[in-house]
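Read off the chains here:
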Amino acid sequence: IRCSILTTMGSNYEMNLKDDVAALEAYRKNFESLTTIGSADEFRSVQGAARILTRQAKFDEALATLRRAKIENLRGFWRQSMLLSLGNALEAAGQKEEAAKAFRQVLQDASASGGHRRDAHDRLERLE
């Protein structure tokens, strides 16, 4: 319940109140002390923190945050979602080839949802 509340608070701070400092603090409370990221709210918090850090041009920190989720070990929805987030952060960091690689991984996965595939396709087209 605590994790869900922190994720909701982080989202509210970020999206409605436009308070990235408070949002980042709430999101980080959900994963910084963990060795393994596993729940939906933890994944959402990692993505939220990375999104804020990317906006702040703290690209290395954003990428390190995303990699805490051990994307290479994930399967299904969260793998695709995290790959899209990783691609976005890489693109913002100017690492366009690596971003394209992340987006292609989504497209190459037969289990990826239609929405994830469309997002990956659109983002890949934007890069090219």
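The coordinates are above.
Residues numbered from 1 in each chain as written. Predicted model: local features only at pLDDT ≥ 70, side-chain atom pairs only at ≥ 80, totals over all residues. Heavy atoms only, no water.

Moving on: helix H6 (residues 96-108). Given a rise of 1.5 Å per residue, 13 residues ought to cover 18 Å, and the 18 Å separating the end C-alpha atoms of H6 matches this to within 8%. When H6 is considered as a whole, its buried residues turn out to be Ala 99, Ala 100, Ala 102, Phe 103 and Val 106. All buried residues of H6 fall inside an arc of 160 degrees around its axis, so they share one side. Exposed side of H6, more than 90 degrees from the buried face: Glu 97 and Gln 108 are the residues found there. Residues of H6 that are buried in the fold lie against helix H5 (76-92) and helix H7 (114-127). (Helix = DSSP H or I, 4+ residues; strand = E, 2+ residues; numbered from the N terminus. Expected span 1.5 Å × (residues − 1). Buried < 20%, exposed > 50% of the residue type's maximum accessible area, 1.4 Å probe, protein only. Arc of directions from axis to C-beta. Contact = heavy atoms within 4.5 Å.)

With their axes 8 Å apart at the nearest point, H5 and H6 run at an angle of 165 degrees to one another. Considering the angle they form, H5 stands roughly antiparallel to H6. Here H5 runs over H6; the crossing is left-handed. Between H5, through Arg 79, Gln 80, Leu 83, Leu 84, Gly 87, Asn 88, Leu 90 and Glu 91, and H6, the contact on the second element is made entirely by Lys 96, Glu 98, Ala 99, Ala 102, Phe 103, Gln 105 and Val 106. Taken together, the residues of the contact of H5 with H6 sort by class into seven nonpolar, four polar and four charged. (Axes fitted to C-alpha atoms, helices over the stretch in contact; angles between N-to-C directions. Parallel < 35°, antiparallel > 145°, perpendicular 65-115°, else oblique. Left-handed = near helix turned anticlockwise from the far one by under 90°. Nonpolar A, V, L, I, M, F, W, Y, C, P; charged D, E, K, R; others polar.)

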